[in-house]
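Residue strings, one per chain:
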Amino acid sequence: MFSFCVDPGKVAGGVEVRFIDNVKGKGLFAKKSIKKGDSIFIERPLVSAQFLWNALYKYKACEYCLRALETAEENARRLSGIPGLNLPHPELCRVRPELHQACPQCQVMYCSSECRQAAADQYHKVLCLGPSHEDPDHPINKLKDAWRTMHYPPETSSIMLMARMVAAVKQAKDKAHWQKLFSHFCSRTANEEEEIAHKLLGEQFRGQLALLHSLFSEALYDDHLSRWFVPEGFRSLFALVGTNGQGIGTSSLSQWVHACDALELPFCELNIFVSVDCIPNAEASFPDNNFLLHLSALSDISPGEEICISYLDCCQRDRSRHSRHKILRENYLFVCSCPKCVSQMDELDMTSEEEDEEEGEAEGETEGDEMEDEMTDV
């Protein structure tokens, strides 16, 4: 799942968006004391879209809010490949299939009538394929297929996020309002935009940006957004998504497990503008099993302190500075300048793997020397 957030005009009263500098752009700062464990804010994305490979692999999610549509048991059966798998306590699953609704024209699914209406009001009228939803020659399906061909899993973005941005503007009565919302997000220079676009696609597809641009224009061109459909503007869309997107994780099975944990059942154990920091003081999560982002404090935060999350897991955060920067550059398209990274600037430019290899080679040489000595002694 992928989304485009946070709307800087709607952040909670206890925090504010400030401009930091031309490199970092904007950041989120506390206006009051925040205690560890407190909810900082809950945010709805401006637009969101399911990863195309994710959908192709039959993960069923609401087309609007991305809530999981398959029950915990269906999820477990699909992932395990065991059709007859039964989960205990099915009453703990929160999925309600009786509320699901399909678009009457193209049959895409929603978790509720409210989500179906919200999608229709915001963007779906432009993107609805009607009876052509399975036609491989429909312009939007051609665009999707081209993206999947160029961007194999694990996906780090989706061309449909950009499509929904265009569709939201095309459907809006106040088009200037939506364009202004997207303009709030940080932009990049032409050279940076080109580098980011190639990062999102992968180096082996550098020459295929033009094909995506052509298919995107064929499917979605609009006079009001002509600047997004010239090559430079299309590249800017890539950069905008690459530097401001937020991944979303939903799972009915995960919610079922947490519900079991709350009951302390042992058999239930199954085998934005926020800055990024290697020592985060906040954490983003999606406990509602939909696109609502919950930002919570990992430690006490003082008034005026910047609120930072981490894109790295616990193990990655313990790796060398060079390793952390390599992961962030390749996957999230930026260089971290948090206090931890700044304090380690004098370290050798060597990844943790290279350090391990060098240590292994050194150990290998020692063992070899010892063996040679033993043979000589004999």
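Our structure is the block above this text.
Because the structure is predicted, anything quoted here is derived from the model rather than measured.

**Points about helix α3 (residues 113–127)**
Here is step 1 of the chain: End to end, α3 covers just 18 Å across 15 residues, shorter than the expected 21 Å (1.5 Å per residue, more than 12% under).
Here is step 2 of the chain: At Asp121, α3 shows its largest kink, close to 70 degrees.
Here is step 3 of the chain: Looking at α3, one finds that the buried residues are Cys115, Ala119, Ala120, Gln122, Tyr123, His124 and Leu127.
Here is step 4 of the chain: Turning to α3, the residues buried within the fold contact β5 (47–49), β7 (109–110), α4 (139–150), α5 (159–171), α6 (175–183) and α8 (209–220).

**Comments concerning helix α10 (residues 231–244)**
Here is step 1 of the chain: Its 14 residues place the ends of α10 20 Å apart at the C-alpha level, agreeing with the 20 Å of an ideal helix rising 1.5 Å per residue.
Here is step 2 of the chain: In terms of residue burial, α10 counts as a mostly covered element, since ten of its 14 residues are buried.
Here is step 3 of the chain: Burial in α10 covers these residues: Gly233, Phe234, Arg235, Leu237, Phe238, Ala239, Leu240, Val241, Gly242 and Asn244.

**A look at the packing of aromatic side chains**
Here is step 1 of the chain: Counted by the stated rule, this structure contains nine aromatic pairs.
Here is step 2 of the chain: When the ring of Trp53 is compared with that of Tyr152, the centres are 5.8 Å apart and the planes differ by 35 degrees; the resulting orientation is tilted. Of this pair, Trp53 sits in helix α1 (residues 52–56) while Tyr152 is found in the loop between α4 and α5, placing the two residues 99 residues apart along the sequence.
Here is step 3 of the chain: Grouped by ring-pair contacts, the aromatic residues Phe216, Tyr221, Phe229 and Phe234 constitute a single cluster.
Here is step 4 of the chain: Over the face of the ring belonging to Phe29 we find Arg18, whose NZ or CZ atom lies 4.5 Å from the ring centre.

**Quick word on the packing of α5 against α6**
Here is step 1 of the chain: Orientation of α5 relative to α6, taken along the N-to-C sense of each, is 150 degrees, at an axis distance of 7 Å. As far as their axial angle goes, α6 and α5 are roughly antiparallel. α5 and α6 meet at a crossing whose hand is right-handed. When α5 is examined against α6, the residues Met165, Ala168, Val169, Lys170 and Gln171 are found in contact with a partner set consisting of Lys175, Trp178, Gln179 and Phe182.

**Brief notes about the layout of surface pockets**
Here is step 1 of the chain: By volume, the second largest pocket is sized at about 1,100 Å³.
Here is step 2 of the chain: Taken together, 33 residues form the lining of the second largest pocket, with Gln50, Ala55, Glu63, Val108 and Lys144 sitting closest to its centre.
Here is step 3 of the chain: Mapped by element, the contributors of at least two residues to the lining of the second largest pocket are α1, α3, α4 and α5.
Here is step 4 of the chain: Counting residues per element, the lining of the second largest pocket draws most heavily on α4, at four residues.

**As for unusual backbone geometry**
Here is step 1 of the chain: The backbone of His89 sits at a positive phi, close to 50 degrees, despite the residue not being glycine.
Here is step 2 of the chain: Residue position: His89 is located in the loop between α2 (72–80) and β6 (101–102).
Here is step 3 of the chain: With a phi angle near 70 degrees, Gln107 is a residue other than glycine that sits in the positive phi range.
Here is step 4 of the chain: With respect to the helices, strands and loops of the structure, Gln107 is situated in the loop between β6 and β7.

**A short note on the nonpolar core**
Here is step 1 of the chain: Core analysis: the largest hydrophobic core is formed by 68 residues, its most contacted members being Ile40, Tyr64, Ile159, Phe216, Trp228, Leu295 and Ile307.
Here is step 2 of the chain: Here this core gets ten residues from one element, more than from any other, and that element is α5.
Here is step 3 of the chain: Residues Leu92, Val95, Leu253 and Val257 belong to the second largest nonpolar core, which totals eleven residues.

**Notes on the side chain of Thr71**
Here is step 1 of the chain: Structurally, Thr71 is set in the loop between α1 and α2.
Here is step 2 of the chain: Taking relative accessible area as the criterion, Thr71 reaches 19% and is therefore assigned buried.

Rules used throughout
Residues numbered from 1 in each chain as written. Predicted model: local features only at pLDDT ≥ 70, side-chain atom pairs only at ≥ 80, totals over all residues. Heavy atoms only, no water. Helix = DSSP H or I, 4+ residues; strand = E, 2+ residues; numbered from the N terminus. Expected span 1.5 Å × (residues − 1). Bend = angle between axes of the 7 residues up to and from the residue. Buried < 20%, exposed > 50% of the residue type's maximum accessible area, 1.4 Å probe, protein only. Contact = heavy atoms within 4.5 Å. Phe/Tyr/Trp six-rings, centres within 6.5 Å; stacked < 30°, edge-to-face > 60°. Lys NZ or Arg CZ within 6 Å of the ring centre and 35° of its normal. Axes fitted to C-alpha atoms, helices over the stretch in contact; angles between N-to-C directions. Parallel < 35°, antiparallel > 145°, perpendicular 65-115°, else oblique. Left-handed = near helix turned anticlockwise from the far one by under 90°. 1 Å grid on protein atoms, 1.4 Å probe; cavity = no way out; pocket = protein on both sides within 12 Å on 5 of 7 lines; lining within 4 Å. Points joined across faces, edges and corners; volume = space filled by probe spheres on them. Core = buried A, V, L, I, M, F, W, Y, C linked by side-chain atoms within 4.5 Å.

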